[in-house]
Structures are given as C-alpha cells and as structure tokens.
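Now for the letters of each chain:
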Amino acid sequence: MQIDLNLLTLFAAVAETGNFRAAADRLGVTRSAVSQGVRRLETALGQTLFLRTTRSVRLTEAGERFLAQVSAPLAEVANALEAASGSADEPRGLLRIAATSIAEEFLSGPLIASFSEAHPGVTLDVTVTDLEFDIIAAGFDAGVRLGEVIERDMIAVPLTGDQRQVAVATPDYLARHGTPEHPRDLVRHRCIGWRPQPHTAPYRWEFEKDGRAFDVSVEPQITTNDMLLMIRTALAGGGITFGIEATFRPHLERGELVSILSDWLPPFAGFFLYFPSRHTVTPKLRALIDHVRRCRERS
C-alpha cells in the first residue's frame, strides 16, 4: 500500500485539534487541503477515521486505533529530523509548553525571558491551562505541574523547591469576622474558591495535621478559574482564599494579606518540568531543561 506520509501529519493534527480549521492553522495550509487529505487517507485505508458534523469532528473507533499506532512513530521521526538538523547549530524551532496557572516561578517572567535571550532561535509557546490531558497527544513538547500529579512514566526535572498551600485574608476582614482557629471554622466564613473549568466542583481545601490528611468543603460564595481575580477579591476584603504560597508572597510580605491556619498546611513537592521518557529529547527541549537546572542551582 502506497500512502503519502504527509497525510499522516494531517490526520494527527485533526485528531489533536478536533477541528479542520485549527489543524490547517497549525500546519500553515488551507482548510480544504486538510479535508481533502484526510479523505484521501480514509480512501487509501478503507476506513472512516472521523465522524463529521457541522459543529465537530471526532475520531471513530478505527481512527482512535490508528492514532494510537502512528502518534509515537510520527513524534520520533519529527524529533530525529530536528535533532539531526540542529545538531551543529544553535537550538531552534517552536517549543510548546503546557503550564498550570499556579506555577508562579515559571510564569512570573524572569526564567522565560532569560531563556529567550539565551536561545534566540527557539520560539517559546506557553499555554496556561489547569486541564488534565496527554500533553504529547495535544502537540506539546513538555509541561509544568506539581510533582504529585505528574504521571509516573514521565521524566520530571525540578523547577522549584517544596511548596505550601496557604489560606489568606486581609487584616481588616479578619478583624471584622474573626480568625479561624481550625479548618472546620472556614465553613462560617465567606470564602473565595477555585475551579479548573465551568461545570466542575470547586477545589476542596486540603489540610494535614499529625500525619492525618483531610479536606474541607468550604462552599465558596465566590468561585472562579482565574487566580488573579481570587487575589484581587481577597485584597478587597472579599473573604478568605486558598492557593500556593508563592502566588500570594508579595502581598504577604507587604502585610496586605495575612496567612492563617499554617499549622495545618505542611510543605509538599513543588513544580517540575516534565516530558515523556519514551521520546527523544530535541535540542530545543534540552536547552530548556539545562536552563531550568542552571536557574534552579543559582536560586
């Protein structure tokens, strides 16, 4: 069977984006070229790979099997070509990273800015998302998340030291409403909560004391997926909010916010840059890994 291997790239892009136009934008071709290419591949294979409606495109069972079979080889070929072409030169190309919104040390700016200055041939594309998904299937080179939620088959490079969650509020709010002495007291307070996306339950606030972990369902009066809105609302006296200490550190240092319930909030493993162990590390990703390690050593 003779099949144009470029059609596999078209197929993978449509499968990853779930949209012909998005796949075309990613590949720099027209929408009709993508659609016609997928039809040619389906004809050659004698299989329907996608179910198409006016609003969506999704894989059939045959399409899912085919994607599972070709994803790893396509990634290996792309990595090998990039490694070969860039072996003698400065790392270059598009480096796509998926980072959680709470990775303050990564997203604050200096690390990214210094990497870009050191490696002008690399274009860094950072998507900030708290959704859980297969970063490789979605077309990313690596991700940044807390160590406790990274899959075991990934290689993880430390980005930060240990982290802590904190519950914070303004001194004025605590003066007016009292300071909780135990996490269960939070249910009597106005709380500002976080959720990763619409139609999902707010994140349950987690605590630990004497080796016993537990969480509290605070039923926040205000819920959002935007950490900046949580901070601004807390600073305005809107209630108690909860998150990674580094996110609130400038406001804690200035006394604008106060940390409470610290005895119930021990440290835990911090953030890591992670990527699949089964894939070749390209020069552009190796450059970022080495940069992260150097920055970590300096800090």
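The structure displayed is predicted, hence computed values, not measured ones. (Residues numbered from 1 in each chain as written. Predicted model: local features only at pLDDT ≥ 70, side-chain atom pairs only at ≥ 80, totals over all residues. Heavy atoms only, no water.)

### Considerations on the nonpolar core
Here is the rule: Only buried residues count toward a nonpolar core. Its members are Ala, Val, Leu, Ile, Met, Phe, Trp, Tyr and Cys residues joined through side-chain atoms within 4.5 Å. Only protein chains enter the accessibility calculation, which uses a 1.4 Å probe; a residue is then buried when its area is under 20% of its type maximum, exposed when over 50%, and partly exposed in between.
Formed by 36 residues in total, the largest nonpolar core has its most connected members in F106, V144 and L273. One finds A13, V14, A24 and V57 within the second-largest nonpolar core, a separate group that totals 20 residues.

### Re the layout of surface pockets
In plain terms, the rule: A cavity, in this analysis, means grid points on a 1 Å lattice covering only the protein atoms where a 1.4 Å probe fits yet has no way out; a pocket is instead an open set bounded by protein on both sides within 12 Å along at least five of seven lines, and a residue lines either one if it has an atom within 4 Å of a point. Grid points are joined across faces, edges and corners, and a volume is the space filled by probe spheres set on the points. In this classification, Asp, Glu, Lys and Arg are treated as charged, Ala, Val, Leu, Ile, Met, Phe, Trp, Tyr, Cys and Pro as nonpolar, and every other residue, Gly included, as polar.
Space inside the second largest pocket adds up to approximately 710 Å³. What lines the second largest pocket is a set of 29 residues, among which L146, E148, Q165, Y203 and E206 lie closest to the centre. A per-class count over the lining of the second largest pocket returns 18 nonpolar, five polar and six charged.

### Details of the UniProt feature "domain: HTH lysR-type" (unreviewed entry) in the protein chain
Note the threshold: UniProt positions are given in the numbering used here, feature names are shortened, and annotations may be inferred rather than shown by experiment. Starting at the N terminus, helices and strands are each numbered in turn, a helix being any DSSP run of H or I of at least four residues and a strand any DSSP run of E of at least two.
Per the UniProt annotation, the sites labelled "domain: HTH lysR-type" (unreviewed entry) are residues 3–60. Its end C-alpha atoms 20 Å apart, residues 3–60 is made of 60% helix and 10% strand.

### A look at the environment of V168
So the rule is basically this: Contacts are assigned to residue pairs that have any heavy atoms within 4.5 Å of one another.
Relative to the helices and strands, V168 resides in strand β7 (residues 165–169). On the basis of relative accessibility, which here comes to 0%, the residue V168 falls in the buried class. Distance from V168 to E256, taken between C-alpha atoms, is 9.8 Å for residues 88 residues apart in sequence. Residue contacts for V168: discarding those within four places in its chain leaves G239, I240, T241, F248, L252, L257, V258 and S259.

### Regarding the pairing of strand β3 (residues 93–99)
What counts is decided by this rule: By the convention used here, strands pair only if DSSP detects at least 2 bridges between them.
By the criterion of burial, β3 is predominantly enclosed, with five of the seven residues buried. As defined by bridge partners, β3 adjoins strand β4 (residues 122–128) across seven bridges and the pair is classed as parallel. Paired with I97 across the two strands is V126, which belongs to β4.

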